[in-house]
Amino acid sequence: MKKVLFSLMIATLLTACGEKTETPKENTKPVVKIGVIYPLNGDAVDFADSAKKAYLLFKKNIAQKNTKYNYELVWEDSATSPIKGVSAAKKLINIDKVDVLFTVLSGVTRAINPIAVEHNIIQFAQCVDFSAADGKHNFILSTSAKKQGEKLYNYLLKQGVKNVDIVARYDAGTVEFLDKFKSVLQNIQIKNEYIITPGERDFRIMIQKIIKDQPEMLVVFGLPPENNIFMKQFKEANVNIPVSSVDAFSYIKDLNDINGYPFSTYGYPKADFVEMWRKEFNEELPRFGEDNFYTRLQLVFQVYENYDGNEKPNTNLIADLLKREVDKNIYVIRNLSMDDKGVVDSEASLCSYENGKLRIYEN
């Protein structure tokens, strides 16, 4: 008690003599809030887990920079449901007062589109349904389904493939990939097409039908968990039919199940980012859009940090500024370009996993 009284007396005397006691400076930087609507649980949780890793790496890389703003992410669960996605968007906009929404998967993104338009809020999505970019405030970062389909088609032609079987899990994004792939097939016959129902788990009869078909190549479309389960059962059946994919093999958890199988995917990230990711997380890319999420963070960061106004820019201004920033070749995904609609596109890549390591066929 005596020590406390003595300390108070000293502080009083210093103040009386004109001495100022220093107090810790508060961090008064304005905050840019990004609301993230991703599947935080369930079959597609890997998208959120990968996005969280991308954010951790982003935070680490900007930690030493003298930024104008602090950046805060608020996470909400979409459960891959458009209805829940819309509810999450309204909560983030009206209660959390976010500046930007990050979303994933075509069904959820498309449902949130009119909410972003109504509230003049930026939605920046990873999906392949480009109608989700309608309206000034809606943007998509992706590689078009057509580009990815053309990339695999050209590979199949070079391999002399004359016919294929198709296996596809039906959802909004997969239908887009499948339709665009079919649209470029000119000299390759589709022998049979097999549809996976969401929730389906036993594919042994389907696999036996594919064996009977004896296609020169099987092309797989779709999202987890069905694509993972199908490829696991396909490998266990010791089928001697080559397999390839448009996009789907970017989301396979067990790389042994797709070892050596080529697949087209979105624009591959720069080598230094790939190496940075390996060192940080001991993982190969691309998997669940980590580089896509990181690039969207980079774009938002560049817009806010490069704005030279005295006040935090409003969303109308952010929408205009985003279009100017895309052309700079400083992002982890290379060769970005934005069309008038707000689609940030990149070139497709052709890859495979060889004994757990990513091999790039061409860019």
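Residues numbered from 1 in each chain as written. Predicted model: local features only at pLDDT ≥ 70, side-chain atom pairs only at ≥ 80, totals over all residues. Heavy atoms only, no water.

Visitor: Requested: an account of the overall build of the protein chain, with residues and values cited.
Guide: Each helix and strand in the protein chain was counted, giving 11 helices and 14 strands. Its C-alpha atoms give the protein chain principal-axis dimensions of roughly 95 × 45 × 35 Å. Counting only contacts in the protein chain whose residues sit at least 6 apart along the sequence, the fraction spanning at least 24 positions is 69%. Carbon and sulfur atoms make up 49% of the accessible area of the protein chain, which totals about 17,300 Å². Of the side-chain charges in the protein chain, 47 are positive and 48 negative, and the distance between the mean point of each set is 3 Å. (Helix = DSSP H or I, 4+ residues; strand = E, 2+ residues; numbered from the N terminus. Contact = heavy atoms within 4.5 Å. Areas by Shrake-Rupley, 256 points an atom, 1.4 Å probe, with all protein chains shown as cover. Lys, Arg positive; Asp, Glu negative; His and termini not counted. Charge placed at Lys NZ, Arg CZ, Asp CG, Glu CD.)

Visitor: Go over the pairing of strand 3 (residues 100–104), please, and point to the residues and values.
Guide: On a regular strand, one side chain projects to one face of the sheet and the next to the other, so that they alternate. Counting buried residues in strand 3 gives five out of five residues, a clear majority hidden from the surface. In strand 3, alternate side chains face the same way, and those of V100, F102 and V104 on one face and L101 and T103 on the other are all buried. Both strand 3 and strand 4 (residues 122–126) contribute to a ladder of five bridges, which runs parallel. Paired with V104 across the strands is Q126, a residue of strand 4. Handedness of the crossover joining strand 3 and strand 4 through helix 4 (residues 106–119): right-handed. (Buried < 20%, exposed > 50% of the residue type's maximum accessible area, 1.4 Å probe, protein only. Pairing = 2+ DSSP bridges. Right-handed = clockwise from strand over helix to strand, strands pointing away.)

Visitor: I'd love a proper account of the packing of aromatic side chains, names of residues and values included.
Guide: The final tally for this structure, using the stated rule, is 22 aromatic pairs. Through successive ring pairs, a cluster of aromatic residues spans F58, Y71, F273, W277, F281, Y294 and F301. A cation over a ring is seen here: K52 above W75, with NZ or CZ 5.6 Å from the ring centre. Cation over ring: R359 sits above Y361, and NZ or CZ is 4.0 Å from the ring centre. (Phe/Tyr/Trp six-rings, centres within 6.5 Å; stacked < 30°, edge-to-face > 60°. Lys NZ or Arg CZ within 6 Å of the ring centre and 35° of its normal.)

Visitor: Account for the packing of helix 5 (residues 145–158) against helix 6 (residues 172–184), with residues named and values stated.
Guide: Across the interface, helix 5 lies against helix 6 with an axial gap of 8 Å and an inter-helix angle of 50°. Between helix 5 and helix 6, the crossing angle belongs to the class labelled oblique. The handedness of the crossing between helix 5 and helix 6 comes out as right-handed. Packed against helix 5, whose contacting residues are A145, K146, Q148, G149, E150, L152, Y153 and L156, the element helix 6 presents E176, F177, K180, F181 and V184 at the interface. Grouping the amino acids of the contact of helix 5 with helix 6 by side-chain chemistry returns seven nonpolar, two polar and four charged. (Axes fitted to C-alpha atoms, helices over the stretch in contact; angles between N-to-C directions. Parallel < 35°, antiparallel > 145°, perpendicular 65-115°, else oblique. Left-handed = near helix turned anticlockwise from the far one by under 90°. Nonpolar A, V, L, I, M, F, W, Y, C, P; charged D, E, K, R; others polar.)

Visitor: Explain the sheet that holds strand 11 (residues 337–338) residue by residue, including any values.
Guide: Here we have seven strands laid out as an open sheet, ordered 2-1-3-4-5-12-11, and mixed in their pairing. Among the strands making up the open sheet, the edge pair consists of strand 2 (70–77) and strand 11. Pairing analysis gives three bridges linking strand 5 (residues 138–142) to strand 12 (residues 343–345), with the strands arranged parallel. Counterpart to I140 in the pairing with strand 12 is V343. Strands in contact with helix 11 (residues 315–325) are strand 4, strand 5 and strand 11; relative to strand 4, the strand with the most contacts, it is inclined by about 40°.

Visitor: Tell me about unusual backbone geometry, and please be specific about residues and values.
Guide: In this chain, P224 is followed by P225 through a cis amide linkage whose omega measures 0°. Position of P225 among the secondary structure elements: in the loop between strand 8 (217–221) and helix 8 (226–236). Although it is not a glycine, T80 adopts a positive phi angle of roughly 55°. Residue position: T80 is located in the loop between strand 2 and helix 3 (82–94). Residue T80 is classed as partly exposed on the basis of its relative accessible area of 42%.

Visitor: Lay out helix 4 in plain terms, naming residues and giving numbers.
Guide: The end-to-end C-alpha distance of helix 4 is 20 Å, a good match for the 20 Å that 14 residues give at a rise of 1.5 Å each. Turning to helix 4, its buried residues number three or more, namely S106, V108, T109, I112, N113, I115 and A116. On its buried face, helix 4 is in contact with strand 1 (31–38), helix 3, strand 3, strand 4, strand 5 and helix 6. One or two residues past the end of helix 4 sits N120, with phi positive at roughly 50°. (Expected span 1.5 Å × (residues − 1).)

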